[in-house]
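Here is what each chain is made of, one letter per residue.
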Amino acid sequence: MSRGWKDVDVQNYPGRVVVDLEAIASNVRTLDAGTTAQVMAVVKADAYGHGLVPASRAARAGGAAWLGAAQVSEALALRAAGDTGRILTWLYAPGAPLREAVEADIDVAIAAPWNVAALVDAARTAGRTARVQIKVDTGLGRNGVTPGQLPEVLDAAMRAQAEGAIAVVGVFSHFAFADAPAHPTVLAQAEEFARAVEAVERAGARLEVRHLANSAATVTNPGVHYDLVRPGIAVYGLSPVPELSSSAELGLVPAMTFESELAAVKPLPAGHGISYAHQYTTTEDTVMGLVPLGYADGVPRHCSGTDGQLGAPVRVGGRDLAIAGRVCMDQLVVDLGPGAHETEGECVELFGTGVGGGPTAQDWADAAGTISYEIVTRIGTRVPRSYLPVAAPASPERRAVPREAGAVLAETGTPVAEPRP
Ligand SMILES: *Cc1c(COP(=O)(O)O)cnc(C)c1O
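Residues numbered from 1 in each chain as written. Predicted model: local features only at pLDDT ≥ 70, side-chain atom pairs only at ≥ 80, totals over all residues. Heavy atoms only, no water.

### Some points on the overall build of the protein chain
Turning to step 1, where the next piece is worked out: Each helix and strand in the protein chain was counted, giving twelve helices and 19 strands.
Turning to step 2, where the next piece is worked out: In summary, the protein chain has a C-alpha radius of gyration of 24 Å against a globular reference of 22 Å for 421 residues, a match within 12%.
Turning to step 3, where the next piece is worked out: If you line up the protein chain on its principal axes, its C-alpha atoms span 80 × 45 × 45 Å.
Turning to step 4, where the next piece is worked out: Of all 421 residues assigned to the protein chain, the portion counted as buried reaches 55%.
Turning to step 5, where the next piece is worked out: Of the contacts made within the protein chain by residues no fewer than 6 positions apart, 68% connect residues no fewer than 24 positions apart.
Turning to step 6, where the next piece is worked out: Split by element, the accessible area of the protein chain, about 17100 Å² in all, is 52% carbon and sulfur. (Helix = DSSP H or I, 4+ residues; strand = E, 2+ residues; numbered from the N terminus. Rg over C-alpha atoms; globule rule 2.2 N^0.38 Å. Buried < 20%, exposed > 50% of the residue type's maximum accessible area, 1.4 Å probe, protein only. Contact = heavy atoms within 4.5 Å. Areas by Shrake-Rupley, 256 points an atom, 1.4 Å probe, with all protein chains shown as cover.)

### What to know about unusual backbone geometry
Turning to step 1, where the next piece is worked out: One non-glycine residue, alanine 47, adopts positive backbone phi at about 55°.
Turning to step 2, where the next piece is worked out: Following the sequence through the fold, alanine 47 ends up in helix α2 (residues 44–49).
Turning to step 3, where the next piece is worked out: Its relative accessible area of 0% is what places alanine 47 among the buried residues.

### Describing the sheet that holds strand β2 (residues 38–42)
Turning to step 1, where the next piece is worked out: In space, the eight strands of this closed barrel follow the order β2-β3-β4-β5-β6-β7-β8-β9, with parallel pairing throughout.
Turning to step 2, where the next piece is worked out: Along the sheet, helix α4 (residues 72–80) makes contact with β3 (66–71) and β4 (86–91), crossing β3 at roughly 140°.
Turning to step 3, where the next piece is worked out: Against the sheet, helix α6 (residues 114–126) touches β5 (107–110), β6 (130–135) and β7 (166–172), its axis set at about 150° to β5. (Pairing = 2+ DSSP bridges. Axes fitted to C-alpha atoms, helices over the stretch in contact; angles between N-to-C directions.)

### Here's the deal with the nonpolar core
Turning to step 1, where the next piece is worked out: Ranked by size, the top nonpolar core spans 123 residues in total, and within it Ile24, Ile166 and Val168 carry the most contacts.
Turning to step 2, where the next piece is worked out: Lining this core are residues from two domains, each supplying at least three of them: domain 1 (65–234) and domain 2 (256–388).
Turning to step 3, where the next piece is worked out: Ignoring any residue separated from it by four or fewer positions in sequence, one finds valine 168 in contact with Val132, Ile134, Ala157, Met158, Gln161, Val200, Ala205, Arg206 and Leu207.
Turning to step 4, where the next piece is worked out: If you look at the next biggest cluster of nonpolar residues, it comprises six residues, including Tyr280, Met288, Ala324 and Val333. (Core = buried A, V, L, I, M, F, W, Y, C linked by side-chain atoms within 4.5 Å. Domains from an automatic or database assignment.)

### Quick word on the packing of aromatic side chains
Turning to step 1, where the next piece is worked out: All chains considered together, the criterion is met by seven aromatic pairs.
Turning to step 2, where the next piece is worked out: Among the aromatic residues, those joined into a cluster by ring pairs are Tyr48, Tyr236 and Tyr373. (Phe/Tyr/Trp six-rings, centres within 6.5 Å; stacked < 30°, edge-to-face > 60°.)

### Let's talk about the site of the ligand
Turning to step 1, where the next piece is worked out: The local shell around the ligand holds 14 residues, among which Lys44, Tyr48, Ser215, Ile233 and Tyr373 are the closest.
Turning to step 2, where the next piece is worked out: Between the ligand and lysine 44, the relevant distance is 2.7 Å, taken from an oxygen atom to a side-chain nitrogen or oxygen of the residue.
Turning to step 3, where the next piece is worked out: Contact distances for the ligand include 2.8 Å between a nitrogen atom and a side-chain N or O atom of arginine 230.
Turning to step 4, where the next piece is worked out: In isolation the ligand has 390 Å² of accessible area, and contact with the protein removes 95% of it. (Near = heavy atom within 4 Å. Polar contact = N/O pair within 3.5 Å; in protein donor to acceptor, adjacent residues only side chain to side chain.)

### Observations regarding the environment of glycine 223
Turning to step 1, where the next piece is worked out: Tracing the backbone shows glycine 223 in the loop between α9 (215–220) and β9 (228–229).
Turning to step 2, where the next piece is worked out: In this structure glycine 223 comes out as buried when scored by relative accessible area, which is 9%.

### Here's the deal with the pairing of β3
Turning to step 1, where the next piece is worked out: Buried residues dominate β3, accounting for five of its six residues.
Turning to step 2, where the next piece is worked out: Strand direction decides the pairing type here: β3 and β4, joined by five bridges, are parallel. When the bridges of β4 are listed, tryptophan 66 appears paired with arginine 86.

### Observations concerning helix α10 (residues 361–368)
Turning to step 1, where the next piece is worked out: Taken together, the buried positions of α10 are occupied by Ala361, Gln362, Trp364, Ala365 and Ala368. An end-on view of α10 places all buried positions within 160° of arc, on one side of the element.
Turning to step 2, where the next piece is worked out: Check the buried side of α10 and you find it contacts β15 (313–316), β18 (347–351) and α11 (372–377).
Turning to step 3, where the next piece is worked out: Following α10 by one or two positions, glycine 369 has its phi on the positive side, about 70°. (Arc of directions from axis to C-beta.)

### Points about the domain arrangement of the protein chain
Turning to step 1, where the next piece is worked out: Split into domains, the protein chain comes out as domain 1 (65–234) and domain 2 (256–388).
Turning to step 2, where the next piece is worked out: Taken over C-alpha atoms, the centre of domain 1 sits 41 Å from the centre of domain 2.

### A few points about α6
Turning to step 1, where the next piece is worked out: Given a rise of 1.5 Å per residue, 13 residues ought to cover 18 Å, and the 19 Å separating the end C-alpha atoms of α6 matches this to within 8%.
Turning to step 2, where the next piece is worked out: For α6, the complete set of buried residues consists of Asn115, Val116, Ala118, Leu119, Val120, Ala122, Ala123 and Ala126.
Turning to step 3, where the next piece is worked out: Close packing links the buried residues of α6 with α5 (98–103), β5, β6, α7 (150–162) and β7.
Turning to step 4, where the next piece is worked out: Directly beyond the C-terminal end of α6, a positive phi value near 75° is found at glycine 127. (Expected span 1.5 Å × (residues − 1).)

### Re the pattern of salt bridges
Turning to step 1, where the next piece is worked out: Tallied over the entire structure, the rule returns 22 salt bridges.
Turning to step 2, where the next piece is worked out: Aspartate 107 is paired through a salt bridge with arginine 86; the nearest N and O atoms lie 3.1 Å apart. Taken together, the residues span a long stretch of sequence, with aspartate 107 in strand β5 and arginine 86 in strand β4 at a distance of 21 residues.
Turning to step 3, where the next piece is worked out: By relative accessible area, which is 0% here, aspartate 107 ends up buried. (Salt bridge = Lys/Arg side-chain N within 4 Å of Asp/Glu carboxyl O.)

### Quick word on the side chain of arginine 210
Turning to step 1, where the next piece is worked out: Secondary-structure assignment places arginine 210 in strand β8 (residues 209–213).
Turning to step 2, where the next piece is worked out: Of note is the side chain of arginine 210, whose polar atom sits 2.7 Å from the side chain of aspartate 227.

### What about the sheet that holds strand β16 (residues 319–324)?
Turning to step 1, where the next piece is worked out: Taken in spatial order, the nine strands of this open sheet run β11-β14-β17-β16-β15-β18-β10-β1-β19, and their pairing is mixed. Of all strands in the sheet, those with a lone pairing partner are β11 (264–268) and β19 (385–388), marking the two edges. Strand-to-strand, the axes of this sheet are offset by a mean angle of 35°, without reference to chain direction.
Turning to step 2, where the next piece is worked out: Inspection of the sheet shows strand β14 (residues 286–291) paired to strand β17 (residues 332–335) by four bridges, in the antiparallel sense. From the neighbouring strand, leucine 290 faces β17, where its bridge partner is valine 333.
Turning to step 3, where the next piece is worked out: In the packing of helix α1 (residues 21–33) onto the sheet, the strands contacted are β1 (15–20) and β19, and the crossing angle to β1 comes to about 35°.

Structural data, given as structure tokens:
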């Protein structure tokens, strides 16, 4: 198998993350094909651990008209890396580099009343109009202007717009239960959003974009796509609704593979405890394999095997095995079984694309009792990243069938809100 990382100098660490940028581009194409809206690829948190700049370029190559970043510094890093497209950022505290964001032509959210004056200030110092989008809290109870605060915010924003300091070009919101599309809050939030859009337009904003859908709503709820969808996890090929559909069923390909190689292989007799607190004991004369990665590398300690049960799945030399005993800071153990043929240096796939079988980040999330988002965003900084390139344009076999991303679940009769104005 020809692996791109073999060409890259990452052999000085016994583990690596390999990111398939073509998978990211292809996932964006798939999502784009499933909606009449434009796609904003959400690239916060170092593109969910996949590498901000390479992942963003791949998303652009796949057709992302917008990039979304939570932190202002992430948006500025995209501009510094040469991205010239539309970028939105929505989360900041007093003292954030808003002047720099306005100078860099980044759309900034008004997500709290104090944001208006801060953006007016930033615009004045920058000497140009700030392009802003109002983030409304339609029920999530997190970041955003509440419907109760909206009149006051609109009042201030419209005065600032009349003075030329800001231009209100968008309204957006975020779901609390998008991964449970039948939950009553989905419809309630969609209705609240429609009211907010109407209020902002009535106040005099000329809106370019209205947007509400994260990955889960992008693939389950075409009725809330509006002008833009904002998928994050789906861009990286992981299912936002693992209880309802796998990533393969959604036409998505996981982009991240986390690999290592065996550092030691040794025989152990039956009845031998493995790793701290002997949470696993060999049941027969066996061979154990030592993997030189641990929780400092982002292998969750919750992936440990405990009370004699095995932990998260791993693939060693093409065989599907699992973690035996506790995951430590720098290492973990796999019971390779009696007569195992693997030797030191054998490839260990902790998780990957799942395409030829093998564990995925979703399997790890299930084993650790968390969500795939946490698995991919928490790989340790000491683990080197390498990248498989985006395929040359119009390479037919890599240009995955543009499945309609929204179709899969929409067909299952999921209730769909109809607030499209
Ligand atoms: C993180 C985030 C998204 C993307 O969410 P996914 O579930 O990863 O698709 C979209 N919008 C906002 C405001 C976010 O914070």
